[in-house]
Amino acid sequence: MAFHSLEEIQKSCREKNVLFWRAVLLEDMADRSVTEAESMQSMQQMWTAMKSASEQYDRTQVSASGLVGKMGAQMEEYRLRAEAGDTASMGALAMAYHLGYPVKRDDAQAFLWASRAADEGDAEAMYQVAYFFENGFGTPRDTDAALLLYTESTEAGVRAAAIRLYEIYTSGIPGVSPDGKKAAHFLFMSGEADGEDE
């Protein structure tokens, strides 16, 4: 989702004159191009996962990194697997640090773990690192690096990367002017041009 803080959600609530959950729903629908029903289903799944995590919390379980509860033990397991070279675990750590759950938000750590996975050739991680470069999360903004990694991720079959490049070349971003030919190319690469779904 495009929201990165509680303050951003509250601002959206005021601007759109909607309740908190509705602002999140609308942002998710726009961000992922999904229907209200699909977004609501995702929100229900997230609520179920959060409720389950809360119920499983066990203060007696403490990981080596100081995290408490079953999630702490799981994060420790991810860390150990990531240090052994497992790119999926690196990606999980990157997302946990970027989202701030179940660890304190730390975009420098998120960038570090996503970069390690991308260096190993993980296409989803390339997309994550491109996103971090584009937005300056855990690293200085670098539009050229973001475009390069979005392109490599697209070529490796990550649809979200193609969609992001389509958006960039359609509207432009600081340092990148709109380019209809490139936008059309990435729209085709995303499968959106012919209504293709994943």
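Up top you'll find the structure we're talking about.
Criteria and thresholds
Residues numbered from 1 in each chain as written. Predicted model: local features only at pLDDT ≥ 70, side-chain atom pairs only at ≥ 80, totals over all residues. Heavy atoms only, no water. Core = buried A, V, L, I, M, F, W, Y, C linked by side-chain atoms within 4.5 Å. Buried < 20%, exposed > 50% of the residue type's maximum accessible area, 1.4 Å probe, protein only. Helix = DSSP H or I, 4+ residues; strand = E, 2+ residues; numbered from the N terminus. Contact = heavy atoms within 4.5 Å. Salt bridge = Lys/Arg side-chain N within 4 Å of Asp/Glu carboxyl O. Phe/Tyr/Trp six-rings, centres within 6.5 Å; stacked < 30°, edge-to-face > 60°. Lys NZ or Arg CZ within 6 Å of the ring centre and 35° of its normal.

A. Structural view of the nonpolar core. In this structure, Trp113, Val129, Phe133, Tyr150 and Tyr169 are the most contacted members of the largest nonpolar core, which totals 36 residues. Secondary-structure elements contributing two or more residues to this core are α4 (69-83), α5 (87-99), α6 (107-119), α7 (123-135), α8 (143-155), α9 (159-171) and α10 (180-190). In terms of residue count, the dominant contributor to this core is α7 (seven residues). In this view, Phe133 contacts Phe111, Thr139, Pro140, Arg141, Asp142, Ala145, Ala146 and Leu149; residues no more than four positions away in its chain are not counted. Core analysis: the next-biggest nonpolar cluster, separate from the first, contains seven residues, Phe3, Ile9, Val24 and Met43 among them.

B. Summary view of the pattern of salt bridges. One pass over the full model with this rule turns up seven salt bridges. Ionic pairing is found between Glu76 and Arg79, a salt bridge with its closest N-O pair at 2.2 Å. Placement of both Glu76 and Arg79 in helix α4 is noted, with a separation of three residues, approximately one turn of the helix. On the basis of relative accessible area, Glu76 is assigned to the buried category, the value being 9%. Of the charged contacts in the structure, one is a salt bridge between Glu77 and Arg81, with a shortest N-O distance of 2.2 Å.

C. Up close: the packing of aromatic side chains. On inspection of all chains with the given rule, the structure shows five aromatic pairs. On the basis of an interplanar angle of 80° and a centroid distance of 5.2 Å, the ring pair of Phe111 and Phe133 is categorised as edge-to-face. Here Phe111, found in helix α6, pairs with Phe133, found in helix α7; they are 22 residues apart in sequence, far enough to count as distant. No difference in accessibility class separates Phe111 from Phe133, as the two residues are buried. Here the aromatic rings of Tyr127 and Tyr150 are separated by 5.7 Å at their centres, their planes lie at 50°, and the arrangement is tilted. Taken together, the residues Tyr127 in helix α7 and Tyr150 in helix α8 connect sequence positions 23 residues apart. On the basis of relative accessibility, which here comes to 0%, the residue Tyr150 falls in the buried class. For Arg105, the ring lying beneath its charged end belongs to Phe137, and the centroid distance is 5.4 Å.

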